[in-house]
Amino acid sequence: MPTHSAYDFAAVQKKWNEKWETLGLARAEDFSKKPKKYALVELPYPSAAGLHMGHCWNYTLFDAYSRFYRLRGYNVLYPMGWDSFGLPTYNHAVKVGRDPHEVSTENVQIFKRQLKELGLGFDWEREIDTSSPEYYRWTQWIFIQMYEHWYDSNFARRDGGIGQARPISDLPIPAEIKKAGLKAIKAYQDNFRLAFKAKMPVAWCPKCKTGLANEEVLGDNTHERCGTVVEERELEQWMLRITAYAERLLADLDTVDFPNGVKAAQRNWIGKKTGVNITYQIVTDKNEEVGSITCFTTRPDTNFGATFVVVAPENPVLKTIASYMDKETLLAVEEYKKKAQSKTKLEREAEGKKKTGVATGLYCLNQLTGTKMPLCVSDFVLMDFGTGAVVGVPGHDKRDFQFAEVMGLPVIRVVKNEDGDISEITSLSQVQEAKGTMINSGFLDGLDIHEATKVITDYLEEKGWGKKITMYKFHDWVFSRQHYWGEPTPMVYCEDCGWNPVPMKELPVTLPKLDDYKMGEDGSSPLEKATSWIAAKCPNCQKDAKRETDVMPNWAGSNWYYLRYLDPHNKEKLVDFNIAKYWMPLDIYYGGQEHVTLHLLYSRFVYKFLYDLGSVPGAEPYQMRRNHGIILGPDNRKMSKSWGNVVNPDQVVEKFGADAVRLYMMFIGPYDSVTPWSEKSVIGVARFVARLHKNLSSKIRMVKDASGEVGNGDTVGLGKLKNKIAYDVENLKFNTVVSSLMEFFNKNEKANWTEKNIEQFLILISPFTPYLAEELWESLGKTGSVHAQSLEIQEESGQGVEIVEIPVMVNGKVRARLSVSIDEQEQKVVDVAMTITEIKKFLPDGHKKVVYVPGKAVNFVG
RNA sequence: GGGCAGGUGGUGGAAUGGCAGACACGGAAGACUCAAAAUCUUCUGCGGGUUACCCCCGCGUGAGGGUUCGACUCCCUCUCUGCCCACCA
């Protein structure tokens, strides 16, 4: 029931939803001569629960944005699609015993209905669905391209940069490999392919029964989707060599307009560090040499203070020296290994304070000092960073100090603090990590630590003890999932020929329908039971072979979807190059903070790869990125079923009308804020919509009765309002768009409006309240849709003399106001200002100075 | 531990270095009504003065300093909150 007026918004919405369906108002035109604008919101994951408020918020803001730019004469592309592969749909389908294809199709229908009922004008002719074979054919194509390319980091690129993906056939093969035959050549090539298979320890979710990428495992060691504590398993997995693109992913961040936080997060995620790999010989207590260990360090300057070496329990070096360790020690190492693999966040935090470890009984030789450093094992050293081994400098690294304390290892000071302190280091608080000059360090003594780092690095390289190295924190991307609802990996395994890609003309490899979609109890994919689907011919020798049963992760389809909107029905190519050239890069990409290191980084990688292939026109897909905020529940907590504070979009649209909900989405706060839903505030904008309807309806009646002659045109500032809103929309300040509209209407509600004023006002509000504007446009007797009009915005310049009211201040305190022409002479303004009674009252007898800023302020200083 | 973003009324939030608190919610009073809802009108940062009224004065954007004729805005120090990453060598 509408509660605020006689405005029957439900009927109006129904009427226009039906009419708009056929008009194609949001159609974007390839190669149009109008300026293009490609605005993208992250495509949703369609779930049975329907849209949540966050979707409504994001999509409404950019619907308004798109409509506004269309009115301003832009060729706007604002598309929508479905990221429909993924675990939630699969899990839901299995739970209710149905085919995920059907469940997914139904969910899409729910979403589409809801989007339309909010008046969101997407270009539906470009709709895509990542789980449709026509779409994932190209996801598979990208995978095969990666398989058939390697990264030549010395290749001179056409844009002047260094490093490019090249066909695997261009990979130089060493002579001895060539001699060894085809199998050896293939094995060699496999080491360089951008998509390759490798045995990897992989996080395994026992609930979802699938392997996960590191990125899908949260800090507390749980699966981000279901919250289950993950285990670790070794599996043969497809990997994508994203690390090959690390430098370009870093460097090109400078060329795009992303928020600082996003750039910082990506840099941090890539985690580039330069340092030195130092190799130490491992010796027994009888100085028998039994092996060697390489440690990565960013602080070689402190190496004179090194007193021990610690390796991760998983470090393979331990196997090679196992025969020199006693049984007890080996058992202890095994314990640490298990612990390292199943630690929760709480356990890690507890151990952050107290470290434990075990000494192997072996030693590493510090060539600098000639001392024997005990070789220890501890789980505070991580296998997946650096070399999985650390040289311990307890005097100048807090973790090393804690470890030394527990293990009773010596602490040597090699850096003099800035305050000159050179006392013995006996407590954690004395451990100085960042500043100082070298002491007790032979030829380094007296050098600043940064200078010392350079000197020692060169020295170590010269001696052959160490090697300068650049390290990255992130890893190649595990691209296999052991479940059903994803893109089949288009690879076939032949006993004789090994892995080969499915020929292009046979794509897509479609996901087979099954009788039973449940996971096997051992965690095997239901696809493994699809024997007739698995059976394939080897693309190379035509013998019987088997399909890959692992599917791709849910990021696979969403990595490149924005390209398919450009050319969604192309059967020959992923996207036509010239169409891509017209639309790319995206003008703005609006999405969630949670995607900045996953989707946003990986999709940049995929785009760069496609750029190397010559399939797309530029090196970066997103010219501008903005992150959306979060709408909390009315109780200021994150909306969640468990709190019972979820606000349902359907219900609020029914209660307040789509226009009011849209306006509230704009009005709720800055586009990137975290702010609670407040039904009280919805009432405010609903009142405004009702007032607009009532008041403008009667104005329209008056104008029509008097044949357009009644208005005397005393509307104040419609031109200024247009400029203000244009500025606000450009800067995504949607909340002040609404307040400006309210302010204008409050001022002019009772004025007489000319027909022209009403017309212009309706066009102006149409992006924000599309139904109301269209309805009133019709009752004004206008032909065509209000959304197909153009909005004239006058530039500020050339308007003649502008009068502004400026504050007149005495000693910085406002005492009066004064209306002046913006280009009035200073002396004249000051003279007038001095005659104001208020000013005379406060002006000291002999004021020293007057500051006049034209159009801004006058300030008398005493 | 690192990174990023913030701190403005009772609430959500406005403010290219130039009138702090726009706009809205909530609240108060009044109009309409048998009454209520809805709607409309006026007031609403804090403290004080004059309080018959117009008004007048002081204080105020997390704290402290700095730059400036002038600072919510720029700089420094500190503090608190939120988010992200984190035994990253």
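The structure displayed is predicted, hence computed values, not measured ones.

Undergrad: How would you sum up the overall build of chain A? Please name residues and give values.
TA: Of the regular secondary structure elements, chain A holds 28 helices and 31 strands. Over its C-alpha atoms, taken along the principal directions, chain A stretches across nearly 110 × 85 × 55 Å. Within chain A, contacts between residues at least 6 apart in sequence are counted, and of these 70% link residues at least 24 apart. For chain A, the exposed area adds up to about 39,200 Å²; of that, 51% sits on carbon and sulfur atoms. Counting 108 positive and 112 negative side-chain charges, chain A places the averaged centre of each group 2 Å from the other.

Undergrad: Let's hear about the pairing of strand β10 (residues 273-283): which residues, and what values?
TA: As paired strands, β10 and strand β18 (residues 466-471) are joined by 6 bridges and run antiparallel to one another. What sits directly across from Lys 273, in β18, is Met 471. The pairing of β10 with strand β11 (residues 289-297) spans 8 bridges and is antiparallel. Its bridge partner being in β11, Asn 277 is matched across the sheet by Phe 296. The antiparallel pairing of β10 with β11 creates a hairpin that spans 5 residues between the two strands, and Asn 287 there sits at a positive phi of about 65 degrees. Sheet topology note: the β10/strand β13 (residues 358-366) ladder contains 2 bridges and is antiparallel. The residue bridging Ile 282 from the neighbouring strand is Cys 364, located in β13.

Undergrad: Let's hear about the protein's contact with RNA strand B: which residues, and what values?
TA: Surrounding RNA strand B, one finds 52 residues, the nearest of these being Lys 273, Lys 355, Arg 399, Lys 473 and Lys 856. Sugar and phosphate atoms represent 59% of those atoms of RNA strand B found within 4 Å of the protein. The backbone of Leu 382 places a nitrogen or oxygen atom 2.6 Å from a base nitrogen of RNA strand B. At 3.1 Å, a backbone N or O of Ile 668 approaches a sugar or linking oxygen of RNA strand B. Counting residues per element, the surface near RNA strand B draws most heavily on helix α24 (residues 734-748), at 6 residues.

Undergrad: Quick rundown of unusual backbone geometry? Include the residues and the values.
TA: A cis amide bond links Leu 507 with the next residue in sequence, Pro 508, at an omega value of 0 degrees. With respect to the helices, strands and loops of the structure, Pro 508 is situated in the loop between β21 (498-501) and α15 (531-534). Here the amide bond leading from Met 584 into Pro 585 is cis, since omega sits at -5 degrees, within 30 degrees of zero. Within the secondary structure, Pro 585 sits in the loop between α18 (577-583) and β24 (588-591). With phi around 65 degrees, Asn 287 is a residue other than glycine that occupies positive phi space. Within the secondary structure, Asn 287 is located in the loop between β10 and β11.

Undergrad: An account of the nonpolar core is needed here, citing residue identities and associated values.
TA: Ranked by internal contacts, the top residues of the largest apolar core, which has 96 residues, are Tyr 38, Met 146, Tyr 561, Tyr 562, Leu 563, Leu 566 and Phe 605. Setting aside residues up to four positions removed in sequence, Leu 563 forms contacts with Leu 574, Val 575, Met 584, Tyr 607, Leu 610 and Val 616. Core analysis: the second largest hydrophobic core is formed by 87 residues, Tyr 59, Met 80, Leu 776 and Leu 780 among them.

Undergrad: An account of the packing of aromatic side chains is requested, with residue identities and associated values reported.
TA: As enumerated under the stated definition, the model contains 56 aromatic pairs in all. An angle of 75 degrees between the planes, with centres 6.3 Å apart, marks the rings of Tyr 7 and Phe 9 as edge-to-face. With a relative accessible area of 10%, Phe 9 lands in the buried category. Here Tyr 484 and Trp 485 contribute two aromatic rings whose centre-to-centre distance is 6.3 Å and whose plane-to-plane angle is 20 degrees, an arrangement assigned as stacked. An aromatic cluster is defined as three or more aromatic residues linked by ring pairs; in this entry it consists of Phe 143, Tyr 147, Tyr 151, Trp 238, Tyr 245, Trp 477, Phe 479, Tyr 493, Trp 499, Tyr 602 and Phe 605. Lying across the ring of Tyr 611, Arg 158 places its NZ or CZ 4.3 Å from the centre.

Undergrad: Any details on the packing of helix α23 (residues 718-730) against helix α25 (residues 755-765)? Residues and values, ideally.
TA: Axis separation between α23 and α25 bottoms out at 11 Å; the angle between their running directions is 10 degrees. On the basis of the axis angle, α23 is roughly parallel to α25. On α25, the residues that touch Leu 718, Leu 721, Lys 722 and Ile 725 of α23 are Asn 757, Gln 760, Phe 761 and Leu 764. For the contact of α23 with α25, the class distribution of residues is 5 nonpolar, 2 polar and 1 charged.

Undergrad: Could you give an account of the environment of Thr 356, with specific residues and numbers?
TA: With respect to the helices, strands and loops of the structure, Thr 356 is situated in the loop between α12 (345-353) and β13. For Thr 356, a relative accessible area of 30% translates into the label partly exposed. Spatially, the C-alpha atom of Thr 356 lies 9.0 Å from that of Gln 402, the residues being 46 residues apart in sequence. In contact with Thr 356, not counting residues within four places along its chain, are Tyr 336, Lys 339, Ser 378, Asp 379, Phe 403 and Val 406. A polar contact of 2.8 Å, which involves the side chain of Thr 356, links it to the side chain of Tyr 336.

Undergrad: Now, about the sheet that holds strand β29 (residues 813-821): what can you tell me, with residues and values included?
TA: Strand order in this open sheet of 4 strands is β29-β28-β31-β30, and the pairing throughout is mixed. Only two strands of the sheet have a single neighbouring strand rather than two, namely β29 and β30 (849-853). Pairs of neighbouring strands in the sheet enclose a mean axial angle of 20 degrees, with direction left out of account. Pairing of β30 with strand β31 (residues 857-861) involves 5 bridges; the strand directions are antiparallel. Looking across to β31, one finds that Tyr 852 is bridged to Val 858.

Undergrad: Hey, could you go over a negative patch on the surface for me, with residue numbers and the actual values?
TA: A cluster of acidic residues, Glu 418, Asp 419, Asp 448 and Glu 451, forms a negative patch at the surface. For Glu 418, a relative accessible area of 64% gives the class exposed.

Undergrad: I'd like a rundown of the confidence of the model for chain A, residues and numbers included.
TA: On average, residues of chain A score 90 in pLDDT, and 95% of them are at 70 or above. Predicted confidence for residues 1-5 stays below pLDDT 50, and this span has 9 contacts to residues more than four positions away or in other chains. For this predicted complex, the interface score ipTM comes out at 0.94, alongside a pTM of 0.93.

Undergrad: Describe helix α11 (residues 327-341), naming the residues involved and giving the relevant values.
TA: Relative to the 21 Å expected for 15 residues at 1.5 Å per residue, α11 spans 22 Å between its end C-alpha atoms, a close match to the ideal helical length. Looking at α11, one finds that the buried residues are Thr 329, Val 333 and Tyr 336. Take α11 and look down its axis: the buried residues cluster within an arc of 60 degrees, on one side only. Of the exposed residues in α11, those oriented more than 90 degrees away from the buried face are Lys 327, Glu 328, Leu 331 and Lys 338. Residues of α11 that are buried sit in contact with α10 (317-320), β13 and β14 (371-377).

Undergrad: Go over the sheet that holds strand β20 (residues 491-494), please, and point to the residues and values.
TA: The strand order across the open sheet built from 4 strands is β21-β20-β23-β22, with neighbouring strands paired in antiparallel fashion. If you trace the sheet from one side to the other, it starts and ends with β21 and β22 (535-537), each paired once. Along the sheet, successive strands turn relative to each other by an average axial angle of 45 degrees, direction set aside. Judged from the 3 bridges that link them, β22 and strand β23 (residues 544-547) form a sheet pairing that is antiparallel. Among the inter-strand pairings, Lys 537 is bridged to a residue of β23, identified as Asp 544.

Undergrad: Kindly report on the pairing of strand β9 (residues 231-240), identifying the contributing residues and their values.
TA: Pairing of strand β7 (residues 195-205) with β9 involves 10 bridges; the strand directions are antiparallel. Its bridge partner lying in β9, Pro 201 is registered against Glu 234.

Parameters at a glance
Residues numbered from 1 in each chain as written. Chains lettered and ligands numbered in written order. Predicted model: local features only at pLDDT ≥ 70, side-chain atom pairs only at ≥ 80, totals over all residues. Heavy atoms only, no water. Helix = DSSP H or I, 4+ residues; strand = E, 2+ residues; numbered from the N terminus. Contact = heavy atoms within 4.5 Å. Areas by Shrake-Rupley, 256 points an atom, 1.4 Å probe, with all protein chains shown as cover. Lys, Arg positive; Asp, Glu negative; His and termini not counted. Charge placed at Lys NZ, Arg CZ, Asp CG, Glu CD. Pairing = 2+ DSSP bridges. Near = heavy atom within 4 Å. Polar contact = N/O pair within 3.5 Å; in protein donor to acceptor, adjacent residues only side chain to side chain. Core = buried A, V, L, I, M, F, W, Y, C linked by side-chain atoms within 4.5 Å. Buried < 20%, exposed > 50% of the residue type's maximum accessible area, 1.4 Å probe, protein only. Phe/Tyr/Trp six-rings, centres within 6.5 Å; stacked < 30°, edge-to-face > 60°. Lys NZ or Arg CZ within 6 Å of the ring centre and 35° of its normal. Axes fitted to C-alpha atoms, helices over the stretch in contact; angles between N-to-C directions. Parallel < 35°, antiparallel > 145°, perpendicular 65-115°, else oblique. Nonpolar A, V, L, I, M, F, W, Y, C, P; charged D, E, K, R; others polar. Patch = residues over 30% accessible without salt bridge, like charges linked within 9 Å, V, L, I, M, F, W, Y side chains within 5 Å. Salt bridge = Lys/Arg side-chain N within 4 Å of Asp/Glu carboxyl O. pLDDT = per-residue confidence, 0-100. Expected span 1.5 Å × (residues − 1). Arc of directions from axis to C-beta.

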